[in-house]
Amino acid sequence: GKDYVRDKVCQEYRTMGKEDFRALTIIMNSKKFSNATFEEISHLVREIVSLAETCCSDSADPSCYDDGSSALSEKSCEASSPFPHHDGTSGCCVHVGLERKLCLAALQHPPRELPRYAEPSGDEVCADFAKDPKGFADRFLYEFASDNSQAPLPVLLGSARSFLSMVSTCCMSPAPTTCFLKEKLQRKTLSLLTLLSNRACSRFTAYGKDKMKFSYLTTLAQKTPSASFEEIFPLAEDAAEVFAQCCDSVAEDCMQKKLSEHTAKVCSALAPRNERLADCCKGKNVLQNYFCITALQPAEAPQLPPLQPPASERLCSEDGALHALR
């Protein structure tokens with residue numbers, strides 16, 4: 001229900017100011033409806049910002065927000081609605097009042113199968129930016145959030161702001177090309193964090209926590225087959241916990257902090273076991289180290305005695321799931 005609590009929305013609007021609130025609304029709805037058109041997202045954003053602008057003033061009628069959000073849900077249910085299309089909308093529209101609003105708020109598109117946005121060259125960026133700075137920013141926020149819809153909101157917001165700051169700085173610079181090269185180098189960690197978190201959170205959304213743990217157990221075992229189950233299993237549990245905590249978190253540094261801590265644990269436990277993995281751990285940028293580890297191909301299979309599956313009575317015992325994972 002938090003999407004329709006007036007106090008929460010109005011606090012964000014007052015704290016951020018209209019333009020930052022608008023930018024956040026573009027990102028949140030492009031992330032939520034990743035397969036919508038720019039025009040559909042623009043219609044929705046205009047309505048949400050107008051609702052906040054009208055109903056969050058001190059002089060607004062106490063019923064303004066509830067009435068306005070009800071009108072918005074009515075509009076969503078019209079056959080000619082200009083908002084993003086979702087197959088579940090008609091199912092929500094059989095409800096009324098708060099139940100309908102909550103149902104509509106819970107709708108979201110699956111992530112895009114392939115990214116659509118290709119960052120243009122510096123000259124093209126500056127030409128588009130000069131023509132219409134606000135329109136350029138809106139379009140970028142939409143494309144960026146739609147392509148990275150599974151990345152945590154704080155990561156998307158930080159990365160998008162950083163990109164737009166770079167554009168406004170470099171397009172006014174006497175040497176734009178040099179400026180872009182320098183700024184992109186500084187943005188490398190943030191760009192990598194966006195890529196990694198979007199990829200990992202997409203898997204987490206699809207798999208759930210238990211399957212994510214199994215996935216990590218499998219890939220780490222393939223990369224470092226000489227490591228024991230006791231060394232690898234806690235790392236797989238830790239990875240699943242990182243994404244469980246951070247994929248939906250609004251804490252600003254959750255993903256970067258937790259992923260960095262996880263990478264340090266992987267390097268500490270497995271680098272002595274595997275030369276290739278140890279090479280990945282030598283870099284000074286922890287996120288680049290994590291990217292290097294995830295990109296490692298499986299090692300050659302070692303010569304091991306034939307696998308003896310655990311006995312049925314062990315699989316059916318209290319800790320049977322652990323025996324199965326082993």
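Remember, predicted model here, so these are calculated numbers, not experimental data.

1. Topic: the overall build of the protein
When helices and strands are counted, the protein shows 18 helices and 0 strands. The dimensions of the protein, computed from C-alpha atoms along their principal axes, are 75 × 60 × 35 Å. A total of 326 residues make up the protein; the buried ones form 41% of that total. Long-range pairs, those at least 24 residues apart, make up 66% of the contacts in the protein between residues at least 6 apart in sequence. About 18,200 Å² of surface is accessible on the protein, with carbon and sulfur atoms providing 55% of the total.

2. Section: the state of the cysteines
Note on terminology: disulfide describes a covalent bond linking the sulfur atoms of two cysteines. Considering all chains together, one arrives at 10 disulfides under this definition. Two residues share a disulfide in this structure: Cys 280 and Cys 292, whose sulfurs sit 2.0 Å from each other. Measuring the twist about the S-S bond at about -65°, one finds the Cys 280-Cys 292 disulfide to be left-handed. Taken together, the residues span a long stretch of sequence, with Cys 280 in helix H15 (residues 275-280) and Cys 292 in helix H16 (residues 286-295) at a distance of 12 residues.

3. Quick look at the environment of Ala 79
Among the structural elements, Ala 79 can be located in the loop between helix H4 (64-76) and helix H5 (89-92). Take Ala 79: its relative accessible area is 91%, and that puts it in the exposed class.

4. Topic: helix H7 (residues 122-131)
Residues of H7 that are buried include every one of Val 125, Cys 126 and Phe 129, and no others. For H7, the angular spread of buried residues about the axis comes to 95°, placing them on one side. For H7, exposure combined with an orientation more than 90 degrees from the buried face picks out Asp 123 and Lys 131. Those residues of H7 that are buried lie in contact with helix H8 (133-147), helix H9 (153-170) and helix H10 (176-186).

5. A short note on the domain arrangement of the protein
When cut into domains, the protein gives domain 1 (4-106), domain 2 (122-194) and domain 3 (208-295). Centre-to-centre, using C-alpha coordinates, domain 1 lies 38 Å away from domain 3.

6. Points about the packing of aromatic side chains
Two measures describe an aromatic ring pair: the distance that separates the ring centres and the angle between the ring planes. Across all of its chains, the model carries 7 aromatic pairs by this definition. Between the aromatic rings of Phe 129 and Phe 136, the centroid separation amounts to 5.8 Å while the plane-to-plane angle is 85°, which identifies the pairing as edge-to-face. One exposure class covers both Phe 129 and Phe 136, and it is buried. Where Tyr 216 meets Phe 243, the ring centres are 6.1 Å apart and the plane angle is 35°; that geometry is what we call tilted. Here Tyr 216 is found in helix H12 (residues 209-223), whereas its partner Phe 243 is found in helix H13 (residues 229-246), with 27 residues between them in sequence. For Tyr 216, a relative accessible area of 8% translates into the label buried. The buried category is assigned to Phe 243, whose relative accessible area is 1%. Here the aromatic cluster, defined as three or more aromatic residues joined through ring pairs, consists of Phe 140, Phe 144 and Phe 163. Above the ring of Tyr 142, the side-chain terminus of Arg 112 is found at 5.9 Å from the ring centroid.

7. Details of the side chain of His 109
In this structure, His 109 sits in the loop between helix H6 (97-106) and H7. Ignoring sequence-local partners within four residues, the contact set of His 109 consists of Lys 32, Phe 33, Ser 34, Asn 35, Ala 36, His 85 and His 86.

8. Regarding the pattern of salt bridges
Going through the model one piece at a time under the given rule, you end up with 15 salt bridges. When the shortest N-O distance is used, the salt bridge between Glu 12 and Lys 8 registers 3.2 Å. Of this pair, Glu 12 and Lys 8 both sit in helix H1 (residues 6-16), separated by 4 residues, roughly a single helical turn. Taking the relative accessible area as the measure of exposure, Lys 8 reaches 33% and is therefore partly exposed. Through salt bridges that share partners, Glu 19, Arg 22 and Asp 138 make up one connected network.

9. A look at the environment of Cys 93
Take Cys 93: it is sitting in the loop between H5 and H6. Residue class for Cys 93 comes out buried when judged on its relative accessible area of 19%. Spatially, the C-alpha atoms of Cys 93 and Ser 34 are 21 Å apart, while their sequence positions differ by 59 residues. Sequence-distant contacts of Cys 93, defined by excluding residues within four places in its chain, comprise Cys 77 and Arg 100.

10. Details of the packing of H12 against H13
One can describe the packing of H12 onto H13 by two numbers: an axis separation of 8 Å at closest approach and a directional angle of 140°. In this view, H12 runs oblique relative to H13, as classed from their interaxial angle. For the pair H12 and H13, the sense of crossing is right-handed. Contact residues: H12 offers Lys 209, Met 212, Lys 213, Tyr 216, Leu 217, Leu 220 and Ala 221, while H13 offers Phe 229, Ile 232, Phe 233, Leu 235, Ala 236, Glu 237, Ala 239, Ala 240, Glu 241, Phe 243 and Ala 244. Among the residues making up the contact of H12 with H13, the classes are represented as 14 nonpolar, no polar and 4 charged.

Here is what the cut-offs are and how they apply
Residues numbered from 1 in each chain as written. Predicted model: local features only at pLDDT ≥ 70, side-chain atom pairs only at ≥ 80, totals over all residues. Heavy atoms only, no water. Helix = DSSP H or I, 4+ residues; strand = E, 2+ residues; numbered from the N terminus. Buried < 20%, exposed > 50% of the residue type's maximum accessible area, 1.4 Å probe, protein only. Contact = heavy atoms within 4.5 Å. Areas by Shrake-Rupley, 256 points an atom, 1.4 Å probe, with all protein chains shown as cover. Disulfide = S-S within 2.5 Å. Arc of directions from axis to C-beta. Domains from an automatic or database assignment. Phe/Tyr/Trp six-rings, centres within 6.5 Å; stacked < 30°, edge-to-face > 60°. Lys NZ or Arg CZ within 6 Å of the ring centre and 35° of its normal. Salt bridge = Lys/Arg side-chain N within 4 Å of Asp/Glu carboxyl O. Axes fitted to C-alpha atoms, helices over the stretch in contact; angles between N-to-C directions. Parallel < 35°, antiparallel > 145°, perpendicular 65-115°, else oblique. Left-handed = near helix turned anticlockwise from the far one by under 90°. Nonpolar A, V, L, I, M, F, W, Y, C, P; charged D, E, K, R; others polar.

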